[in-house]
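Here is how the chains run, residue by residue.
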Amino acid sequence: MAGLSLKNICKVYSNGFEAVKDFNLEIEDKEFIIFVGPSGCGKSTTLRMIAGLEEISSGELKIGDRVVNDVEPKDRDIAMVFQNYALYPHMNVFDNMAFSLKLRKVPKAEIERQVREAARILDLEKLLDRKPKQLSGGQRQRVAMGRAIVRNPKVFLMDEPLSNLDAKLRVQMRTEIARLHERLGATIIYVTHDQTEAMTLGTRIVVMRDGIVQQVDTPQNLYNKPCNRFVASFIGSPQMNFFEAVCEEQDKKAVLKIGNDRILLPEEKSRALLDGYKGKQVIMGIRPEDVYEADAAETENVIESEVTVYELLGAEVYLYSDVQGTNMIARVAADTTAKVGSKVRFGFDTEKIHVFDMDTEKVITN
């Protein structure tokens, strides 16, 4: 296995379009790195440059200690798993998994051993004689992974491998990929647009937008300490609530004024705001689970609003309401008595409030 180093990697197409801009990342051996972002953000292009399927316009790519910018894909010692499986329809599962080993003239007994070991890891032992058309989507994806495993590569590259599966299978396959990473101790780089997938699988996540890396961090830090409004909105489901507010001062603490409502911030967050934002407009962010139904005794940091949509998700309820023309979501317990048309007093956990600069959208305080 091996680590990777990407230094100042850029991809510029012949028409002048910059798909990836100054991408820098050090990937440790055995890490599970996720590239995540909306469609067209450059994540798959970056993966294809690592694979050698896309030419690097400028910058340096190392796998282990070797610079591989001009090395052919087959000589990079990587294995790639695509979203469309790319299995040979006329071959059975065994032959699909053994194909690359046969090309490399690996002895027959060794091929048998490696394929059977990969089949055992992926629970495919009973399916080795079947053709791809006789398999479910999840089984085909496991065969595609088995084909990658038998090559024993330095790095696994996975490009949205679960996007063709239904929701239940995706959850199941996520668990299997996480287990696979534990068993193989492999370096995996995984591309997805699904932030739930990213949060549950990655040791570190690279959030991209318009070809630019926004933040590289652990799932926990991305969720709790986003570096800008884009990361805050992209990570988390349902997404963070955002309000335009004016920063004022009261008793040496910062107050965020949203229309006629006022949210008093704790001392620590106040220091960062009062330093340069007094009297200025900012963006306040708070996650739905940090908005709750306030009791009658609470008078501070409470906003009253009418429920416009009620969504029951079994153990919890999402209450949607309108606050100063902005849609707000609160995640509350399933035993709530609120319903559409109810006037609800919503409280805010002020320790969990994030504040962003209005112009740059960079975080001021988390």
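Residues numbered from 1 in each chain as written. Predicted model: local features only at pLDDT ≥ 70, side-chain atom pairs only at ≥ 80, totals over all residues. Heavy atoms only, no water.

This next bit is on the environment of Val155. Counting through the fold element by element, Val155 comes out in strand S7 (residues 155-159). The sequence separation of Val155 and Val309 amounts to 154 residues, and the corresponding C-alpha distance is 46 Å. Sequence-distant contacts of Val155, defined by excluding residues within four places in its chain, comprise Ala2, Leu4, Ile63, Asp77, Ile78, Ala79, Thr187 and Ile189. (Helix = DSSP H or I, 4+ residues; strand = E, 2+ residues; numbered from the N terminus. Contact = heavy atoms within 4.5 Å.)

Once that is clear, we can look at the packing of helix H2 (residues 93-103) against helix H4 (residues 137-149). In contact at an axis separation of 7 Å, H2 and H4 are set at 30° when each is read in the N-to-C sense. Considering their axes alone, H2 and H4 lie roughly parallel with respect to each other. Along this stretch, H2 crosses H4, giving a crossing that reads as right-handed. Of the residues in H4, those in contact with Val93, Asn96, Met97 and Ser100 of H2 are Val143, Gly146 and Arg147. When its residues are assigned to classes, the contact of H2 with H4 shows three nonpolar, three polar and one charged. (Axes fitted to C-alpha atoms, helices over the stretch in contact; angles between N-to-C directions. Parallel < 35°, antiparallel > 145°, perpendicular 65-115°, else oblique. Left-handed = near helix turned anticlockwise from the far one by under 90°. Nonpolar A, V, L, I, M, F, W, Y, C, P; charged D, E, K, R; others polar.)

Pairing within the open sheet is antiparallel, and its five strands lie in the order S15-S19-S16-S17-S18. Of all the strands in the sheet, the pair left with one neighbour each is strand S15 (291-293) and strand S18 (326-333). If you compare each strand with its neighbour and ignore which way they point, the axes differ by 50° on average. Where S15 lies against strand S19 (residues 343-348), three bridges are found, and the strand directions are antiparallel. Directly across from Val291, in S19, lies its bridge partner Phe348. (Pairing = 2+ DSSP bridges.)

The grouping of Tyr310, Leu312 and Val340 at the surface amounts to a nonpolar patch, some 280 Å² of accessible area in total. Positionally, Tyr310 belongs in strand S16 (residues 302-312). (Patch = residues over 30% accessible without salt bridge, like charges linked within 9 Å, V, L, I, M, F, W, Y side chains within 5 Å. Areas by Shrake-Rupley, 256 points an atom, 1.4 Å probe, with all protein chains shown as cover. Salt bridge = Lys/Arg side-chain N within 4 Å of Asp/Glu carboxyl O.)

With that settled, the discussion passes to the packing of aromatic side chains. This structure, assessed with the given rule, holds six aromatic pairs. We note Arg229 situated over the ring of Phe242; from NZ or CZ to the ring centre the distance is 4.5 Å. Against the face of Tyr223 rests Arg287, its NZ or CZ located 3.9 Å from the ring centre. (Phe/Tyr/Trp six-rings, centres within 6.5 Å; stacked < 30°, edge-to-face > 60°. Lys NZ or Arg CZ within 6 Å of the ring centre and 35° of its normal.)

Attention now goes to the sheet that holds strand S8 (residues 187-192). In spatial order, the strands read S6-S7-S8-S3-S9-S10; together these six strands make up an open sheet with mixed pairing. In the strand order of this sheet, the two ends are held by strand S6 (78-81) and strand S10 (212-217), each with one partner. For this sheet the average axis-to-axis angle between neighbouring strands, irrespective of direction, equals 15°. Alignment of S7 against S8, held across five bridges, turns out to be parallel.

A few words on the layout of surface pockets. To find leftover empty space, one rolls a probe the size of a water molecule over the atoms. Taken as a whole, the largest pocket spans an internal volume of roughly 500 Å³. Taken together, 18 residues form the lining of the largest pocket, with Ile78, Ala79, Met80, Ser100 and Arg151 sitting closest to its centre. Of all the secondary-structure elements, those providing two or more residues to the lining of the largest pocket are S6, H2 and H4. Across the lining of the largest pocket, the residue classes break down as 13 nonpolar, one polar and four charged. (1 Å grid on protein atoms, 1.4 Å probe; cavity = no way out; pocket = protein on both sides within 12 Å on 5 of 7 lines; lining within 4 Å. Points joined across faces, edges and corners; volume = space filled by probe spheres on them.)

The subject of this paragraph is the pairing of strand S2 (residues 18-27). Two elements, strand S1 (residues 4-12) and S2, share six bridges in a ladder whose sense is antiparallel. Bridge pairing in S2 places Leu6 opposite Leu25. Counting the residues between successive antiparallel strands, the hairpin from S1 to S2 contains five residues, one of them, Gly16, with a positive phi of roughly 95°.

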